[in-house]
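The residues making up each chain are set out below.
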Amino acid sequence: MDLTHITGDTQIGDDVFISVLVATTNENALGARGPTGSQSIGPKIGDGALIAAGANVLPGRAIGKGAVVAAGAVVTRDVAANEVVAGVPARALDHPLIRPVRRDET
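About the cut-offs
- Residues numbered from 1 in each chain as written.
- Predicted model: local features only at pLDDT ≥ 70, side-chain atom pairs only at ≥ 80, totals over all residues.
- Heavy atoms only, no water.
- Helix = DSSP H or I, 4+ residues; strand = E, 2+ residues; numbered from the N terminus.
- Buried < 20%, exposed > 50% of the residue type's maximum accessible area, 1.4 Å probe, protein only.
- Pairing = 2+ DSSP bridges.
- Salt bridge = Lys/Arg side-chain N within 4 Å of Asp/Glu carboxyl O.

> Help me out: how do you make sense of the environment of Arg61 in this one?
Positionally, Arg61 belongs in the loop between strand E8 (56–57) and strand E9 (62–63). Residue Arg61 is classed as partly exposed on the basis of its relative accessible area, which comes to 25%. Each C-alpha atom, one on Arg61 and one on Pro43, is 4.8 Å from the other, the two residues being 18 residues apart in sequence.

Have a look at this one:
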């Protein structure tokens, strides 16, 4: 979608939804003089994941199959399959009523 930035080396699975203003990064150590020369590594986004508006996914993070990243979240660690995360930094939402709804369940 418009104004979303997907960096090089990002792996995106099938049936993934990425909303507006989402940013991914692939450089772990950008210093005052530019890239450090370390190898860049983009995030891996699993099949059926949903990343809501304004979320940021840091280098090398994995977002599991069917996971949901809430609007404005900053993903600093891997997100497990079917996990719902929110916040800065993104943390799992642990509530029995919060779970991703798959298209085949509607």
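Having seen the model, we can carry on.
> What is the right way to read the sheet that holds strand E3 (residues 23–24) from this model?
Strand pairs in the sheet, formed through backbone hydrogen bonds, run parallel or antiparallel to each other. Taken in spatial order, the three strands line up as E3-E8-E11 in an open sheet, and their pairing is parallel. At either end of the open sheet lies a strand with only one pairing partner, and these are E3 and strand E11 (74–75). Where E3 and E8 come together, two bridges link them in parallel fashion. Bridge pairing links Ala23 to Asn56 in E8.

> What exactly am I supposed to notice about the pattern of salt bridges here?
Pairing is possible between side chains that carry opposite charge, provided their charged atoms lie close to one another. Across all of its chains, the model carries two salt bridges by this definition. For the salt bridge of Arg61 with Asp78, the shortest nitrogen-to-oxygen distance reads 3.5 Å. Of this pair, Arg61 sits in the loop between E8 and E9 while Asp78 is found in the loop between E11 and strand E12 (84–86), placing the two residues 17 residues apart along the sequence. Of the residues examined, Asp78 reaches a relative accessible area of 39% and is grouped as partly exposed. In this structure, Glu83 engages Arg77 in a salt bridge whose closest nitrogen and oxygen atoms are separated by 3.3 Å.

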